[in-house]
Each structure stands twice: as C-alpha cells, then as structure tokens.
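Coordinates in review
Now for the letters of each chain:
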Amino acid sequence: MRIDIITVLPELLKSPFEASILKRAIEKGLVEVHFHNLRDYVTDNYKQIDDYQFGGGAGMVMMIEPIDKCISKLKAERTYDEIIYMTPDGETLNQGIANTMSLKENVIILCGHYKGVDQRVRDHFITKEISIGDYVLSGGELGAAVFCDAVIRLLPGVLNDETSALTDSFQDNLLAPPVYTRPSDYKGWKVPEILLSGNFPKIEEWREKEAYERTKTRRPDLLDK
Ligand code: ADE
C-alpha cells in the first residue's frame, strides 16, 4: 500500500510513523508513506495557501489551486483508489472503514485547516470524507495519523500472531474481553481461575461471554449492528 499525505504541517504528522509498529511496517516495505507540503505547490511570492471566504465571515479557506497542483501531479504518476479528505463533517471512522481501506493500493489523504477547503476541491477531487469523531481538531493531521494507524496495522505482515488484529475490539462488533498476565495473585487481587485451568475450549467460552457482557454494558449499540 502507498499513502500520500498532503499537509501544510508535515512536521506535525511525521512522528507517529517514526516509532513502533508503523515504523516497522515502513521498514519492512509493507507500506510507503509520503508527505507533501502544500506550500511547495504555491506559485505566488507570499506562499499563500488560504484566503478570505466569498460572502464574508470569519475564518480562512484553503485555496483550490495549490491542492489541484499537488493532487494532479500525484495522479499523473499513478492511479489512486481513493482521495480522502479529513474533515469533522465526514463519515465517522470505524473498524469497517479501516478494514475496507486496508485493501486499497494507493490513497491520497488531504488534511484540512482553518475553515476547511474550497468546496470545489471536495466536489471535483475528493472521493471520500472521513472524520475521526464528533469534535473539531485544529487540522486534519492528527486525524490522518489516527486513520493511518488504524489501517496500516491491518496490512498483512504488520502484526505478528501475538498482536493479531483478528482478536481486536470491534472486529466482530464486540469489545475485546479482559486480559491478565503474571502474577496470578497481586496483593490478593486474583486472576479468574478459568484462565489458569489450561482448559482451552472453556477459556474460549469464558472470553466470548465476557466480550458479550462488556459490549452489552458499555456499547449496547454495537449489538444492534
Ligand atoms: N479536522 C478537524 N476536525 C477533524 C475531525 N474530527 N476528524 C478529521 N479531521 C478533522
């Protein structure tokens, strides 16, 4: 998979890709992530990327021309399956979207700022709009990092058996069951007996029941899906 991220703040985005699982995925060649600074696509001397909105009102709007130049350059080099715009009024990210996106070959992610981008960018270039939740961030960069993390960890070879994505919360619309490790008794706080029994079918049964109970109390909405 190849991800091209268009941003005015590449420095805000880079560190999540320089540590842990994402770093390893890049080093193993399982994913390529490229950053494109929108200011490199501005032709005027002021390096202006935003302007006042027509009709008046507070807040600047990102101009179409630099975004067009950047996206068009990328599209001339390869075919993209999806051109994503990170925005609070997009479709809310969930595990299903992450699963679908992890099957794509090439995607562009555009990070918005200020009052957002000129609507014509959305009308003519963007194929998918994604929000990471019902709150407003100061830019799309952190949203893009969250999106990339959720997608990249699903790519074949990124996680090993121990960190397998198959047993994650949400993969079957259930939250994950509780987990424990050594010691089995800490200050009298004991690990459930069944987990120490070695009876694997019974352990599996217990985990399924706990996952269901946890989902029923914390996220009953998931059970309706
Ligand atoms: N940009 C600003 N807020 C956002 C959000 N909630 N999700 C994605 N991008 C955003």
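Residues numbered from 1 in each chain as written. Predicted model: local features only at pLDDT ≥ 70, side-chain atom pairs only at ≥ 80, totals over all residues. Heavy atoms only, no water.

Notes on the UniProt feature "binding site: S-adenosyl-L-methionine" (unreviewed entry) in the protein
UniProt marks Gly-112, Ile-132, Gly-133, Asp-134, Tyr-135, Val-136 and Leu-137 with the feature "binding site: S-adenosyl-L-methionine" (unreviewed entry), using the numbering shown here. Those residues in contact with Gly-112 that sit more than four places away from it in its chain are Met-62, Tyr-85, Met-86, Gly-139, Gly-140 and Glu-141. Mapping Ile-132 onto the fold places it in the loop between β7 (128-131) and α6 (141-152). Ignoring sequence-local partners within four residues, the contact set of Ile-132 consists of Met-86, Leu-93, Leu-137, Gly-143 and Val-146. (UniProt positions renumbered as here; feature names shortened; annotations may be inferred. Contact = heavy atoms within 4.5 Å. Helix = DSSP H or I, 4+ residues; strand = E, 2+ residues; numbered from the N terminus.)

Some details on the site of the ligand
Surveying the vicinity of the ligand reveals the residues Met-86, Thr-87, Pro-88, Ile-130, Ser-131, Ile-132, Gly-133, Tyr-135, Val-136, Leu-137, Gly-139 and Gly-140. Take Gly-133: an N or O atom from its main chain is 3.1 Å from a nitrogen atom of the ligand. Taking Tyr-135, its main chain carries an N or O atom lying 2.8 Å from a nitrogen atom of the ligand. Protein contacts shield 96% of the accessible area of the ligand, which totals 260 Å² for the unbound molecule. Mapped onto the shell around the ligand, the elements with two or more residues apiece are β5 (82-92) and β7. Among the elements that take part in the shell around the ligand, β5 stands out by supplying 3 residues, more than any other. The class makeup of the residues in the shell around the ligand is 7 nonpolar, 5 polar and no charged. (Near = heavy atom within 4 Å. Polar contact = N/O pair within 3.5 Å; in protein donor to acceptor, adjacent residues only side chain to side chain. Areas by Shrake-Rupley, 256 points an atom, 1.4 Å probe, with all protein chains shown as cover. Nonpolar A, V, L, I, M, F, W, Y, C, P; charged D, E, K, R; others polar.)

Observations regarding the packing of aromatic side chains
Counted according to the given criterion, the structure contains 2 aromatic pairs. Geometrically, the ring pair formed by Phe-17 and Phe-35 is edge-to-face, given 5.6 Å between the ring centres and 70 degrees between the ring planes. In this pair, Phe-17 sits in the loop between α1 (10-13) and α2 (20-27) while Phe-35 sits in strand β2 (residues 32-37), placing the two residues 18 residues apart along the sequence. Judged by its relative accessible area of 24%, Phe-35 is partly exposed. Taking the centre distance of 6.0 Å and the plane angle of 55 degrees together, the rings of Tyr-186 and Trp-189 count as tilted. (Phe/Tyr/Trp six-rings, centres within 6.5 Å; stacked < 30°, edge-to-face > 60°. Buried < 20%, exposed > 50% of the residue type's maximum accessible area, 1.4 Å probe, protein only.)

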